[in-house]
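Each chain, letter by letter, is given below.
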Amino acid sequence: FDDFARHLREGAEIRKLFACIDEEGAGSVNQIEFIGAVAARHIVTAVVLMVGSEAFQKSSSAAMAGMEAFQAAEGLFAKITGGRARASLDDFTQHFFGKLWELKA
């Protein structure tokens, strides 16, 4: 039961994160919206880059320089979308859900 509850909680967290990025509620975001949210919202930056970006995790500093953070966000968006122009909630869920489980294991 604990695993199931954790599964539901983490799914809700991913939906909240995606809603912070998808301000217009379109159901998908493009690279500009994604990078803009990473740059403008500290919580998005923290979660997206710390959880989802290997480049950020390997950095010696938790506070990457602006260009490094931009490049990490750009690369992460490409990973999430598989090179497509837009990312959906499903794309985020598939990418981040595994990452959250890895961090908590």
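Quick note: structure is the one above.
Residues numbered from 1 in each chain as written. Predicted model: local features only at pLDDT ≥ 70, side-chain atom pairs only at ≥ 80, totals over all residues. Heavy atoms only, no water.

Colleague: Looking at this structure, how should I read the overall build of the protein chain?
Modeller: Along the protein chain, the regular secondary structure elements total six helices and two strands. Helices (α) and strands (β) of the protein chain occur, in sequence order from the N terminus, as α-β-α-α-α-α-β-α. For the protein chain, with 105 residues in total, the buried portion stands at 34%. Look at the contacts in the protein chain between residues 6 or more apart in sequence, and 58% of them connect residues 24 or more apart. (Helix = DSSP H or I, 4+ residues; strand = E, 2+ residues; numbered from the N terminus. Buried < 20%, exposed > 50% of the residue type's maximum accessible area, 1.4 Å probe, protein only. Contact = heavy atoms within 4.5 Å.)

Colleague: What's the story with the nonpolar core in this structure? I'm lost.
Modeller: In globular proteins that are soluble, nonpolar side chains generally tend to be buried together. Ile 21, Phe 34, Val 48 and Phe 92 are the most contacted members of the largest nonpolar core, which has 19 residues in total. At the level of secondary structure, the elements contributing two or more residues to this core comprise helix H1 (2-21), helix H2 (31-40), helix H3 (42-52), helix H5 (66-81) and helix H6 (89-104). With residues up to four places along the chain from it excluded, the contact list for Phe 34 reads Ile 21, Val 48, Ala 73, Leu 76, Phe 77, Ile 80 and Phe 92. (Core = buried A, V, L, I, M, F, W, Y, C linked by side-chain atoms within 4.5 Å.)

Colleague: I tried to follow the pattern of salt bridges on my own but got confused; where do I start?
Modeller: Charged atoms that come close allow side chains of opposite charge to pair. Under the criterion given, the structure shown has three salt bridges. Put simply, Arg 41 and Glu 23 hold a salt bridge, and the shortest N to O gap is 1.8 Å. In this pair, Arg 41 sits in the loop between H2 and H3 while Glu 23 sits in the loop between H1 and strand S1 (28-30), placing the two residues 18 residues apart along the sequence. Arg 41 gets classed as partly exposed once you look at its relative accessible area, which sits at 24%. Between Arg 84 and Asp 91 there is a salt bridge; the shortest N-O distance is 2.6 Å. Classification of Asp 91 by relative accessible area gives buried; the value is 12%. (Salt bridge = Lys/Arg side-chain N within 4 Å of Asp/Glu carboxyl O.)

Colleague: Could you clarify how one ought to interpret the packing of aromatic side chains in this entry?
Modeller: The final tally for this structure, using the stated rule, is three aromatic pairs. Each ring, one from Phe 18 and one from Phe 92, has its centre 5.0 Å from the other, and the planes form 70°; the classification is edge-to-face. In this pair, Phe 18 is assigned in helix H1 and Phe 92 in helix H6, connecting sequence segments 74 residues apart. Since its relative accessible area comes to 0%, Phe 92 is described here as buried. Centroid distance Phe 34 to Phe 77: 5.4 Å. Interplanar angle 45°. Geometry classified as tilted. Here Phe 34 is found in helix H2, whereas its partner Phe 77 is found in helix H5, with 43 residues between them in sequence. (Phe/Tyr/Trp six-rings, centres within 6.5 Å; stacked < 30°, edge-to-face > 60°.)

Colleague: Is there a simple way to think about the side chain of Asp 91 in this case?
Modeller: By secondary structure assignment, the location of Asp 91 is in helix H6. Residues contacting Asp 91, with those up to four places away along its chain left out, are Ile 80, Arg 84 and Arg 86.

Colleague: Just checking my understanding: could you explain the environment of Ala 26 for this structure?
Modeller: Along the chain, the position of Ala 26 falls in the loop between H1 and S1. Residue classification places Ala 26 among the exposed positions, given a relative accessible area of 53%.

Colleague: Would you explain H2 in this entry?
Modeller: For the α-helix, the turn length of 3.6 residues means that residues three or four positions removed from each other point alike. Residues of H2 that are buried include every one of Phe 34, Ile 35, Ala 37 and Val 38, and no others. Down the axis of H2, the smallest arc covering the buried residues is 160°, so these residues share one side. Exposed side of H2, more than 90 degrees from the buried face: Ile 32, Ala 39 and Ala 40 are the residues found there. The backbone nitrogen of Ile 32 has a side-chain oxygen 3.0 Å away, supplied by the residue at the start of H2, namely Asn 30. (Arc of directions from axis to C-beta. Polar contact = N/O pair within 3.5 Å; in protein donor to acceptor, adjacent residues only side chain to side chain.)

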